[in-house]
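# Observations on the model geometry
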Amino acid sequence: MESMPERAAVGTLLRHVLELLDGDVAKVYDELGLPGYRPRFSPYVRALVADGPASIRELAGKVGVTHSAASQTVAQMTRSGLVAVDPGADARRRIVRLTSRARESLPVIEAEWAATEAAARGLDAELPMPLADLLTQTVLALRRKPFRQRIAESGLDVTPGE
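Quick look at the structure, then. (Residues numbered from 1 in each chain as written. Predicted model: local features only at pLDDT ≥ 70, side-chain atom pairs only at ≥ 80, totals over all residues. Heavy atoms only, no water.)

A word on the overall build of the protein chain. Scanning the protein chain for helices and strands turns up seven helices and three strands. Element order for the protein chain, N to C, with α for helix and β for strand: α-α-β-α-α-β-β-α-α-α. Taken along the three principal axes of its C-alpha coordinates, the protein chain extends 55 × 45 × 25 Å. Counting every position in the protein chain, which comprises 162 residues, the buried fraction comes to 23%. In the protein chain, the proportion of contacts linking residues at least 24 apart, taken out of those at least 6 apart, comes to 42%. Surface exposure of the protein chain reaches about 11,200 Å², of which carbon and sulfur atoms provide 58%. Charge centroids of the protein chain, computed over 21 positive and 21 negative side chains, lie 7 Å from each other. (Helix = DSSP H or I, 4+ residues; strand = E, 2+ residues; numbered from the N terminus. Buried < 20%, exposed > 50% of the residue type's maximum accessible area, 1.4 Å probe, protein only. Contact = heavy atoms within 4.5 Å. Areas by Shrake-Rupley, 256 points an atom, 1.4 Å probe, with all protein chains shown as cover. Lys, Arg positive; Asp, Glu negative; His and termini not counted. Charge placed at Lys NZ, Arg CZ, Asp CG, Glu CD.)

Right, dumping it as structure tokens:
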């Protein structure tokens, strides 16, 4: 039996859950003939399909990640031939669009997305509350009071050393 991360190591547990979820989704993409397609690409593909070409900043907002994270993912997608990046109206803005390769892959990507949503509903049925609900509530709680503040309130002196 595979060992479990220590319960108190919340970050390790979260990474482990993400590895279990994303690892299996990536295997499915491989089996469906899309090797190298990463699960993290799908929200970007879906946003570009729904709204058309967008800047990296706009994509970051639609996907719910930082500009830096969106830029890194777009760079990976560009190397994979799924998106192209064109100059925007000014030199600082870059516009991301799907390539023909990505458009040809859409039926597979969309079918996998639907299957993943169904699998997530099945997983949710086994849990005390839907995983997405728990994670959303966690994000909202951390926005109300960041984890660093919670650590400081535990009594640890987090002021820089003299």
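The end-to-end C-alpha distance of helix 1 (residues 10-31), which contains 22 residues, comes to 32 Å, matching closely the 32 Å that a straight helix rising 1.5 Å per residue would cover. Inspection of helix 1 places His16, Val25 and Tyr29 among the buried residues, and these make up the whole buried set. Where helix 1 is buried, its residues meet helix 2 (42-51) and helix 5 (100-126). (Expected span 1.5 Å × (residues − 1).)

With that out of the way, let us pick up the packing of aromatic side chains. Applying the stated criterion across every chain yields a total of two aromatic pairs. On the basis of an interplanar angle of 85° and a centroid distance of 5.5 Å, the ring pair of Tyr37 and Phe41 is categorised as edge-to-face. Just as Tyr37 is buried, Phe41 falls in that class too. A connected cluster of aromatic rings, assembled from ring pairs, spans Tyr29, Tyr37 and Phe41. (Phe/Tyr/Trp six-rings, centres within 6.5 Å; stacked < 30°, edge-to-face > 60°.)

In this section: the side chain of Thr99. The topology assignment puts Thr99 in the loop between strand 3 (94-98) and helix 5. Among the polar contacts made by the side chain of Thr99, one reaches the main-chain carbonyl oxygen of Gly81 at a distance of 2.6 Å. Residues contacting Thr99, with those up to four places away along its chain left out, are Gly81, Leu82, Val83 and Ala84. (Polar contact = N/O pair within 3.5 Å; in protein donor to acceptor, adjacent residues only side chain to side chain.)

Let us now look at the environment of Ala54. Residue position: Ala54 is located in strand 1 (residues 54-55). For Ala54, a relative accessible area of 1% translates into the label buried. Separated by 39 residues in the primary sequence, Ala54 and Arg93 have C-alpha atoms spaced 9.8 Å apart. When residues no more than four places from it in sequence are discounted, the contact partners of Ala54 are Leu48, Leu59, Lys62, Arg94, Ile95 and Val96.

Everything listed here is a matter of coordinates, which is why it stays silent on function.
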